[in-house]
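Chain and residue survey
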Amino acid sequence: MNRYSRHIALSEIGQAGQNKLLNAKVLVIGAGGLGCPILQYLAAAGVGNIGIVDFDTIELSNLQRQVLFGSASIGLNKAEAAKTRLQDLNNTISITAYPKKLTHQNSLSLFKNYDIIVDGTDNFETRYLINDAAIITNKPVVFGAIYKFEGQVSVFNYKAGPSYRCLFSDQQEKEQSGHCEDVGVLGVLPGIIGSMQANEVLKMILEIGNILSGKLLIYNALNFQTSVIKINKSEEEINKILNEKHAFETKTMSFSCNSETTQISIEEALKKENIQFVDVREPSELPKIEHITITSIPLNDLENNLEQLETNKVLILFCQSGKRSKQAVSILKQLKINNCFSIKETSSEIKKHLENINYER
Amino acid sequence: MTINVKYFGLIAEITACEKETILFTKSNVSEFLELLYKKYPNLENKDFQVAQNQELVTQDALITGNELALLPPFAGG
């Protein structure tokens, strides 16, 4: 019996197609909700060289959807535990675990060893990093992302097609949903979306069917609605990355999902002693916060006005939505100013809270 | 004209519906969004893209079709 007889029986695949799978090199980033089904089907299909990047360890709450792991895997590194499971599933293929974070420093050399990159990560910073590194190394990316009951799938940078930035340019000023937070997710949803990603990978290797390039597929698990949206290539977005490629490896990520808590509520902030409130909005922005003493330093001027910060105090930063103050905290942390927090609430909510409790300082 | 608008992810949570019909008398996407922000002020600081008749469009695009969709990026995996 041949392990792949059901593949070989398909005229679209045959032994020639199976050999293509055996010779393919696929790098999967993230061995979580999306990564598990992706890896499971790629390994079972006989993709000959699979790389797995994940720095994270397995927790009990992962088992609801991360189907490669069991109770005995809790506490183990995800890339290594996935490799162990997959090697049992298929011992005829080569699997490499990279139990580390993907960074600007390691991504280019890593991507060069693979034909296809698969994005199964859970945060925007890494998604943009994957996109940019793939543009520089000229590799296609099979993208998948989920939110509660909905999922998105696309193939970027495929045969000079559009990239993730052509779809969503990095809008740091706007609030982005589901970012690293513990948002709920229906366990089977990453199974569906991850399987769609595995399907795109296999079709690309086998050169059959149509590839989901230049299109974003959105799936809703609650009402089985599927929408396909056409994406156009933005040369401007792609050239921005290519023009800065010489500096790519010197960049750092401003944010990490596993960083200690830097976001707090206004209530928690007021409980702290010896605090300095810093408003990082532009001076013209409303509402003004009264009742408390505030130092105003707009985010764009922060690095030029560090002397205004009383670093012997706990710095409490806020802005209009909580997004800029979060960025400001990352900037300060990079400058080794660590005793700082960003308020989660919007400025109007902060104002209301202070009024409600009749706060005076 | 009447426009059928579809919402996804967090956007649909803010509008509390996945689709609706909106009466619109001006001409381009950014004017349409202004109208929408009046109805849903919480949309204004959210990150999303707009598609018209299943194709991504920029804010200055003229409204020619009768279907718009607001697509936020998803981070989860």
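Scroll up a little and you will see the structure.
Presented here is an overview of the structure given in this document. (Residues numbered from 1 in each chain as written. Chains lettered and ligands numbered in written order. Predicted model: local features only at pLDDT ≥ 70, side-chain atom pairs only at ≥ 80, totals over all residues. Heavy atoms only, no water.)

**Re the overall build of chain B**
Within chain B one finds two helices and five strands. Written out in order from the N terminus, the α and β elements of chain B read β-α-β-α-β-β-β. The C-alpha radius of gyration of chain B comes to 12 Å, within 12% of the 11 Å expected for a compact globule of 77 residues. Projected onto its principal axes, the C-alpha positions of chain B cover 35 × 25 × 20 Å. Sorting the 77 residues of chain B into buried and exposed places 55% on the buried side. (Helix = DSSP H or I, 4+ residues; strand = E, 2+ residues; numbered from the N terminus. Rg over C-alpha atoms; globule rule 2.2 N^0.38 Å. Buried < 20%, exposed > 50% of the residue type's maximum accessible area, 1.4 Å probe, protein only.)

**Some remarks on the packing of helix α3 (residues 35-45) of chain A against helix α4 (residues 78-89) of chain A**
Residues and elements named next belong to chain A. Running from N to C, α3 and α4 point in directions that differ by 30 degrees, and their axes come no closer than 9 Å. Between α3 and α4 lies a crossing of right-handed hand. Contacts between α3 and α4 involve Leu39, Gln40, Ala43 and Ala44 from the former and Ala82, Leu86 and Leu89 from the latter. Classifying every residue of the contact of α3 with α4 gives six nonpolar, one polar and no charged. (Axes fitted to C-alpha atoms, helices over the stretch in contact; angles between N-to-C directions. Left-handed = near helix turned anticlockwise from the far one by under 90°. Contact = heavy atoms within 4.5 Å. Nonpolar A, V, L, I, M, F, W, Y, C, P; charged D, E, K, R; others polar.)

**Thoughts on the sheet that holds strand β11 (residues 294-296) of chain A**
Residue and element names in this part refer to chain A. Read across the open sheet, the five strands follow the order β9-β13-β12-β10-β11; overall the sheet is parallel. Since the sheet does not close on itself, it has two edges, and those belong to β9 (263-264) and β11, each with one partner. Examined bridge by bridge, strand β10 (residues 275-279) and strand β12 (residues 314-318) share five bridges and lie parallel to one another. Looking across to β12, one finds that phenylalanine 277 is bridged to isoleucine 316. Against the sheet, helix α11 (residues 323-334) engages β9, β12 and β13 (340-343), with an angle of about 170 degrees to β13. (Pairing = 2+ DSSP bridges.)

**Some words on the pairing of strand β5 (residues 141-147) of chain A**
Residue and element names in this part refer to chain A. Counting buried positions over the seven residues of β5 gives seven, a clear majority of the element. The two faces of β5 match: Val141, Phe143, Ala145 and Tyr147 on one face and Val142, Gly144 and Ile146 on the other face are all buried. Here strand β4 (residues 116-119) runs beside β5; their pairing, made up of three bridges, is parallel. Within the sheet, the bridge partner assigned to isoleucine 117 lies in β5 and is valine 141. Considered for its hand, the β-α-β crossover made up of β4, helix α6 (residues 124-137) and β5 is right-handed. (Right-handed = clockwise from strand over helix to strand, strands pointing away.)

**What about the interface of chain B and chain A?**
On the side of chain A, 38 residues touch chain B, which itself brings 23 residues to the contact. A combined buried area of about 2,600 Å² lies between chain B and chain A, and 51% of that area is made up of carbon and sulfur atoms. At the boundary of chain B and chain A, one finds two salt bridges. Listed by contribution, the elements that provide at least two residues to the side of chain B that touches chain A are α1 (9-15), β3 (49-52) and β4 (55-57) of chain B. Examining the composition of the side of chain B that touches chain A, we find that three residues originate from one element, α1 of chain B, more than from any other. Its residues assigned to classes, the side of chain B that touches chain A shows ten nonpolar, six polar and seven charged. (Buried area = accessible area lost by both parts, 1.4 Å probe. Salt bridge = Lys/Arg side-chain N within 4 Å of Asp/Glu carboxyl O.)

**As for the nonpolar core**
Membership of the largest hydrophobic core comes to 46 residues, with the highest contact counts inside it found for Val26, Leu39, Leu42, Val47 and Ile52 of chain A. In terms of residues, this core owes the most to one element, helix α8 (residues 188-206) of chain A, which gives eight residues. With residues near it in sequence (within four places) discarded, valine 26 of chain A still touches Leu42, Val47, Asn49, Ile50, Gly51, Tyr114, Ile116, Val118, Val201 and Ile205 of chain A. Counting 42 residues, the second-largest nonpolar core is a separate cluster that includes Ile29, Ile135 and Tyr147 of chain A together with Ala51 of chain B. (Core = buried A, V, L, I, M, F, W, Y, C linked by side-chain atoms within 4.5 Å.)

**Some points on the side chain of glutamine 18 of chain A**
When you line up the elements, glutamine 18 of chain A lands in helix α2 (residues 14-23). In this view, glutamine 18 of chain A contacts Tyr4, His7, Ile8, Ile13, Ala45 and Gly46 of chain A; residues no more than four positions away in its chain are not counted.

**Quick look at α2 of chain A**
All names here are of chain A. All buried positions along α2 are accounted for by Gly14, Gly17, Gln18 and Leu21. The buried side chains of α2 occupy one side of the element, clustering within an arc of 100 degrees when seen end-on. The exposed residues of α2 that point more than 90 degrees off its buried face are Ala16 and Asn23. (Arc of directions from axis to C-beta.)

**Let's talk about the environment of tyrosine 114 of chain A**
All names here are of chain A. Tracing the sequence through the fold places tyrosine 114 in the loop between α5 (107-112) and β4. Residues tyrosine 114 and lysine 25, spaced 89 residues apart in sequence, show a C-alpha to C-alpha distance of 4.8 Å. Setting aside anything within four residues of it in sequence, one finds tyrosine 114 in contact with Lys25, Val26, Leu27, Asn49, Ile50, Gly51, Thr96, Tyr98 and Lys139.

**A few points about the pairing of β3 of chain B**
All names here are of chain B. Side chains of β3 alternate between two faces, with Gln49 and Ala51 and Val50 and Gln52 buried alike. As paired elements, β3 and strand β5 (residues 67-71) share four bridges and run antiparallel to each other. Bridging from a neighbouring strand, glutamine 52 pairs with leucine 68 of β5. The pairing of β3 with β4 spans three bridges and is classified as antiparallel. Counterpart to valine 50 in the pairing with β4 is valine 57.

**So, the side chain of glutamine 52 of chain B**
Residues and elements named next belong to chain B. Position of glutamine 52 among the secondary structure elements: in strand β3. Polar side-chain contacts of glutamine 52 include one of 3.1 Å to the backbone oxygen of leucine 62. Excluding anything up to four places from it in sequence, glutamine 52 contacts Val57, Leu62, Ile63, Thr64, Gly65, Glu67 and Leu68. (Polar contact = N/O pair within 3.5 Å; in protein donor to acceptor, adjacent residues only side chain to side chain.)

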